[in-house]
Amino acid sequence: MPARARPTSPHLGIYRWQIGNSLSILHRLTGVALALALVALCYWLVSVAGGERSYAAAAKVFASPLGLAALVGWTFAFMYHLLNGVRHLLWDAGYGFERMPRHVSGWFAVLGSIAVTLCIWGLIWAGRRS
C-alpha cells in the first residue's frame, strides 16, 4: 500500500492578524519582562542593604540611558499586565465576551498602559526638575 500524505497543521500564512492573538503574546512578553524586573529589584535591594557605595553603584546603573530605558519598559510591562489582568477578571465575571467590548478592552489595555507609563515618567521627570 502506498503511504498517504498526512494532513499538516495550518501554516501561519493562512491566518489574518487579530488583536486578541497579539495581546496574548504581549501579555506573555510583559510577564517575562517583569520576571527580569524582579531580578533588577533584588539587585537594587541588595545594594541598599550593602551600604552607601553599593547603592551609589546601583543608582549609577539605573540612571544610565540603558537603565532608564529598562525602567520605562518595566513600568509599561507592569501597567499593561495590570490592565490586562483587570480585563481578564471582567471576563471571569462573564462580561465583555462580545466582539466589540473585547476589542475595546484590548485597545484600552494597550493605550491605557502607554498613557499611565507616560504620566508616571512625566511626573518623575517634572519632580527632578523642580
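Residues numbered from 1 in each chain as written. Predicted model: local features only at pLDDT ≥ 70, side-chain atom pairs only at ≥ 80, totals over all residues. Heavy atoms only, no water.

Chemist: Would you explain the confidence of the model for the protein chain in this entry?
Modeler: Interpreting fine coordinate detail is not advised for predicted regions of low pLDDT. On average, residues of the protein chain score 92 in pLDDT, and 92% of them are at 70 or above. For the protein chain, the element scoring lowest by mean pLDDT is helix α4 (residues 99-129), at 95; helix α2 (residues 52-63) scores highest, at 98. (pLDDT = per-residue confidence, 0-100. Helix = DSSP H or I, 4+ residues; strand = E, 2+ residues; numbered from the N terminus.)

Chemist: Which parts of the structure should I look at to understand α4?
Modeler: At 3.6 residues per turn, the α-helix brings residues three or four places apart onto the same side. The end-to-end C-alpha distance of α4 is 45 Å, a good match for the 45 Å that 31 residues give at a rise of 1.5 Å each. Tucked inside the fold, the buried residues of α4 contact α1 (19-50) and α3 (65-92). (Expected span 1.5 Å × (residues − 1). Contact = heavy atoms within 4.5 Å.)

Chemist: Explain the nonpolar core to me, please; I cannot follow it from the model alone.
Modeler: The tendency in soluble globular proteins is for nonpolar side chains to be buried as a group. One finds Ile 19, Leu 23, Tyr 80, Leu 83, Ala 109 and Val 110 forming the largest nonpolar core, which totals six residues. Contributions of two or more residues to this core are made by α1, α3 and α4. (Core = buried A, V, L, I, M, F, W, Y, C linked by side-chain atoms within 4.5 Å. Buried < 20%, exposed > 50% of the residue type's maximum accessible area, 1.4 Å probe, protein only.)

Chemist: Mind showing me how you'd approach the packing of aromatic side chains here?
Modeler: The relation between two aromatic rings is expressed through the spacing of the ring centres and the mutual angle of the planes. In this structure the tally under the stated criterion is four aromatic pairs. Relative to Phe 62, the ring of Tyr 43 lies with its centre 6.0 Å away and its plane at 55°, an arrangement referred to as tilted. Within this pair, whereas Tyr 43 is found in helix α1, its partner Phe 62 is found in helix α2, the two being separated by 19 residues in sequence. Judged by its relative accessible area of 37%, Tyr 43 falls in the partly exposed class. (Phe/Tyr/Trp six-rings, centres within 6.5 Å; stacked < 30°, edge-to-face > 60°.)

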